[in-house]
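A look at the structure
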Amino acid sequence: MKAIFYVFLAWLSFAAEAKTQVLTEYTSFTQHGDHRFAVNLTPVDPSGRHVLELELGCAEQGCSDWDYTVRFEWHQGDTRYEMGRLITPYAGYMQRGMHGFDRSWRRTYYFDVSHLAPVLNGEGTFNVHYGGWGAKKSAFGVSAKLISQPGFYNRQVKRVIPLYESGSEGWPYKSAQDFANLLPAKTVTFEAGEKHAEIKMIVSAHGHALSYDNPEGKAELCGEWCDRYFTLSQDSELVVKQNLWRDTCDQSATFPQGGTYLFSRANWCPGEEITPFSFSVSTDNQDSQFDLDWQAYSWQPSQYGKDAPRYIVSALLVTYGDYDLKEDIALKRVLKPNAAMPDRFGMSCGEIEVEVENLGNSDIDELWFDYGVEGQKVQQYYWQGELPAGETKQINFVTAYMGRFAVNGSELTVTVRSAADQQGVNNAQTVKMKAPIALDKSAVLHLLSGKQGAETSVSIVDRDQNTVKHWPTFSNAAWHALPLDVPAGCYTLKINDSEHDGLAFPFFNQRKGKGEIKLHHSGEVDAHVTQLEADFGRELSIPITVGYEFGGCAARDWQKDVAYQTPGQQVAYQGVIYQARHWSYNFAPDRAGPYDAWQAVSYCDGSAL
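The sections below set out a description of the structure shown in this document.

What the protein chain contains, in helices and strands, is four helices and 40 strands. A globule of 609 residues ought to have a C-alpha radius of gyration of about 25 Å, and the protein chain, at 27 Å, matches this closely. Counting only C-alpha atoms, the protein chain reaches 85 × 60 × 45 Å along its principal axes. Buried residues in the protein chain amount to 57% of all 609 residues. Taking as baseline every contact in the protein chain between residues at least 6 positions apart, the subset at least 24 positions apart corresponds to 73%. Accessible area for the protein chain stands at about 26,100 Å²; split by element, carbon and sulfur atoms hold 47% of it. Charge centroids of the protein chain, computed over 53 positive and 75 negative side chains, lie 4 Å from each other.

What follows concerns the pairing of strand S19 (residues 310–320). Judged by how many residues are buried, S19 sits mostly within the fold: 10 of 11 residues are covered. Relative to S19, strand S10 (residues 171–172) runs antiparallel, the two being bridged by two bridges. Bridge pairing in S19 places Trp171 opposite Tyr311. With 11 bridges connecting them, strand S12 (residues 196–206) and S19 associate as antiparallel partners. Across the sheet, residue His206 finds its bridge partner in S19, namely Arg310.

Among the nonpolar cores identified, the biggest contains 43 residues, and Leu52, Phe72, Leu116, Leu120 and Phe126 are the most heavily contacted of them. Sequence-distant contacts of Leu116, that is, excluding residues within four places in its chain, are made with Tyr81, Glu82, Met83, Val160 and Leu316. Val356, Val416, Val431 and Met433 belong to the second largest nonpolar core, which has 35 residues in total.

The next thing to look at is the environment of Pro388. Along the chain, Pro388 turns up in the loop between strand S23 (379–387) and strand S24 (392–398). By relative accessible area, which is 36% here, Pro388 ends up partly exposed. On a C-alpha basis, the gap between Pro388 and Ser204 in space is 30 Å, while along the polypeptide they are 184 residues apart. When residues no more than four places from it in sequence are discounted, the contact partners of Pro388 are Asn358 and Asp363.

We now examine the state of the cysteines. Within the structure shown, the criterion is met by five disulfides. Between the sulfur of Cys58 and that of Cys63 lies a disulfide, 2.1 Å long from S to S. Here the S-S torsion is close to -100 degrees, and the disulfide linking Cys58 with Cys63 is therefore left-handed. Overall, the relative accessible area of 2% leaves Cys58 in the buried class. What pairs with Cys249 in a disulfide is Cys269, and their sulfur atoms sit 2.1 Å apart. Looking down the S-S bond of the Cys249 and Cys269 bridge, the torsion is -85 degrees, so its handedness is left-handed. Of this pair, Cys249 sits in the loop between strand S16 (237–244) and strand S17 (277–281) while Cys269 sits in the loop between S16 and S17; the two residues are 20 residues apart in sequence, bridging distant segments of the chain. The connectivity of the disulfide bonds within the protein chain can be written as 1-2, 3-4, 5-6, 7-8, 9-10, using the sequence rank of each bonded cysteine.

All right, on to the packing of aromatic side chains then. Going through the model one piece at a time under the given rule, you end up with 32 aromatic pairs. Measuring from ring centre to ring centre gives 5.9 Å for Phe72 and Phe111, while their planes differ by 45 degrees; the resulting arrangement is tilted. Taken together, the residues Phe72 in strand S4 (residues 69–76) and Phe111 in strand S6 (residues 106–112) connect sequence positions 39 residues apart. With respect to class, Phe72 is no different from Phe111; both count as buried. In this structure an aromatic cluster arises from ring pairing among Trp171, Tyr173, Phe179, Phe230, Phe277, Phe279, Trp294, Tyr297 and Tyr311. Directly above the ring of Phe152 sits Arg49, whose terminal nitrogen or CZ lies 4.8 Å from the centroid. It is Lys186 that lies over the ring of Tyr164; its NZ or CZ is 4.6 Å from the centre.

A word on the environment of Val188. Tracing the sequence through the fold places Val188 in strand S11 (residues 186–189). Here the alpha-carbon distance between Val188 and Asn285, two residues 97 residues apart in the chain, equals 9.8 Å. When sequence neighbours within four positions are dropped, the list of residues in contact with Val188 reads Arg159, Ile161, Leu163, Gln286, Asp287, Ser288, Phe290 and Leu317.

Before going further, it helps to spend a moment on the pattern of salt bridges. Under the criterion given, the structure shown has 28 salt bridges. Residues Arg417 and Asp370 are paired through a salt bridge, measuring 2.8 Å at the closest nitrogen-oxygen approach. One end of the pair, Arg417, is in strand S25 (residues 411–417); the other, Asp370, is in strand S22 (residues 364–373), and 47 residues separate them in sequence. The salt bridge involving Glu455 is made with Arg511; its shortest N-O contact spans 2.9 Å. Here Glu455, found in the loop between strand S28 (444–448) and strand S29 (456–462), pairs with Arg511, found in helix H4 (residues 509–512); they are 56 residues apart in sequence, far enough to count as distant. You can call Glu455 buried: its relative accessible area is 11%. Arg511 gets classed as partly exposed once you look at its relative accessible area, which sits at 34%. When salt bridges with common partners are traced through the structure, they connect Arg71, Glu73, Arg80, Glu82, Arg85 and Glu165 into a single cluster.

Further remarks concern unusual backbone geometry. Here the residue pair Phe255 and Pro256 is connected by a cis peptide bond, since its omega of -5 degrees sits within 30 degrees of zero. Along the chain, Pro256 turns up in the loop between S16 and S17. Note that the residue after Lys336, namely Pro337, is joined by a cis bond; omega there is -10 degrees. Positive phi, close to 70 degrees, is recorded for Asn267, a residue that is not glycine.

Before going further, it helps to examine the sheet that holds strand S20 (residues 329–336). With antiparallel pairing, three strands are arranged side by side in an open sheet as S20-S21-S24. Edge positions in the open sheet fall to S20 and S24, since each of these has one partner strand only. Each adjacent strand pair in this sheet contributes to an overall mean axis angle of 25 degrees, direction not counted. In this structure, S20 lies alongside strand S21 (residues 351–358), joined through six bridges in antiparallel fashion.

Attention now goes to the environment of Asp213. Topologically, Asp213 is positioned in the loop between strand S13 (208–211) and strand S14 (220–223). Linking Asp213 and Asp365, residues 152 residues apart in sequence, is a C-alpha distance of 45 Å.

Cut-offs and rules
Residues numbered from 1 in each chain as written. Predicted model: local features only at pLDDT ≥ 70, side-chain atom pairs only at ≥ 80, totals over all residues. Heavy atoms only, no water. Helix = DSSP H or I, 4+ residues; strand = E, 2+ residues; numbered from the N terminus. Rg over C-alpha atoms; globule rule 2.2 N^0.38 Å. Buried < 20%, exposed > 50% of the residue type's maximum accessible area, 1.4 Å probe, protein only. Contact = heavy atoms within 4.5 Å. Areas by Shrake-Rupley, 256 points an atom, 1.4 Å probe, with all protein chains shown as cover. Lys, Arg positive; Asp, Glu negative; His and termini not counted. Charge placed at Lys NZ, Arg CZ, Asp CG, Glu CD. Pairing = 2+ DSSP bridges. Core = buried A, V, L, I, M, F, W, Y, C linked by side-chain atoms within 4.5 Å. Disulfide = S-S within 2.5 Å. Phe/Tyr/Trp six-rings, centres within 6.5 Å; stacked < 30°, edge-to-face > 60°. Lys NZ or Arg CZ within 6 Å of the ring centre and 35° of its normal. Salt bridge = Lys/Arg side-chain N within 4 Å of Asp/Glu carboxyl O. Axes fitted to C-alpha atoms, helices over the stretch in contact; angles between N-to-C directions.

Rendered as structure tokens:
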């Protein structure tokens, strides 16, 4: 069965009835181990949506240079429930004030803990296990909140049953047999009313033991740097074979970092959340046996680590009641545009990307999205496709012209609906927007290539994903001036590296060289310049507006007391750009006919009429 990944990059504004409970104010951690906070939680709705909002930043004394594991747990009695896990970034740049960072750095992470609803109540302990050994007592700090929206789901969480828990230090993989002894089969008796169930797992691998157990026979350092798998079975039937590998570290939202952050690892990346897994299992057999098994492999001590590979494992069985509604579509997240998201993922000037979930018990094949900025016309997008019951899908679409507005402080509301949606409380989200870089039509990109110029390519893509400019390769270690030279509109500037290590990466400087990227906002000698980050991994993707500012217009407003004498002159009127055919005075552009003074060209943002 396919794993469902439910990483939260950003949380969106809840409805007015959402409730926030503080777990801890911002607290610095400079010592390895557990940091406990006594909390008395108001019981949460078992059919609600609950999110742990976690802010990570530098400790009062500064940040640590190293990537450390941090676990967030809810302890109730003798039982611990892991809420989420992340790896701190290599924060040397924050510590030393480099690459645009300083010790005031903060980043917010979000973990969906809706499945823990039955135990998120009453007196307990919010525990943060900090796995670091910060030199000179420099480390990290966190604050945490539990945000709840009642009634989001139309089924209730019934029980949360711990299956496997390694503890924060993890289990050592001494041998296949020894590790199997740590994972005995578990039998669970389902109760009446438990119609659905899922295994929720958080797993990460660590350590630097040497292993050659791979098809190529190459040396690997396990568990951090080796791709291994586990299997989950129910009643001797395979549920899933799941590899523990993450190959997207070169697109980290926290970049650049003062370490080897670009390299793929065993289900984690420096500066990012651990990717949790969710596997649906059957409740048909009242007594079911679950078995978790690890891939067998051999290892030996290396010059980097003598200890056994370690696996930090948390596995819960979560049971649910039946779906109460036949059709229920929910908007879970607005991914872009969204100022709460890291800029690498949340900025957009002509695209909306959302995550929707089918919470009913029937399949859905069409959806309607309504979207708009407050005070402006509401637009609509119609989607057709397949969204089976219980499935989640990311959908993106090109926006129609959304009007003229001041971006700072403006909010975008997106609503989804299906033909027979029976619940409206989970249909809408409102997010704040952030303006992309605004450039003049004469803007120029200046790029200093590295020693391997053939690895680099640059493209300009329009809002319909058509490539309008492309520079496929560059000479080695030389400056290149790339005039953008595109019509007014919304675009994405993409700088790609075929080796996934950007134009600069400190660990590869001898091979790579040190490239640079400077975006001159116009062709003028004294043009404003934005220095772009050359240590970007596989791709630097930047939304830009050319010839106007997002929310504004690519032409000046028409004025009735001005004589327009030049054919081709453009003006803006009621959100549309018109072009002069001939001389006119006090002739409103919207009166334009085939023989009149004005001809409609585009909307204010350059999009087609």
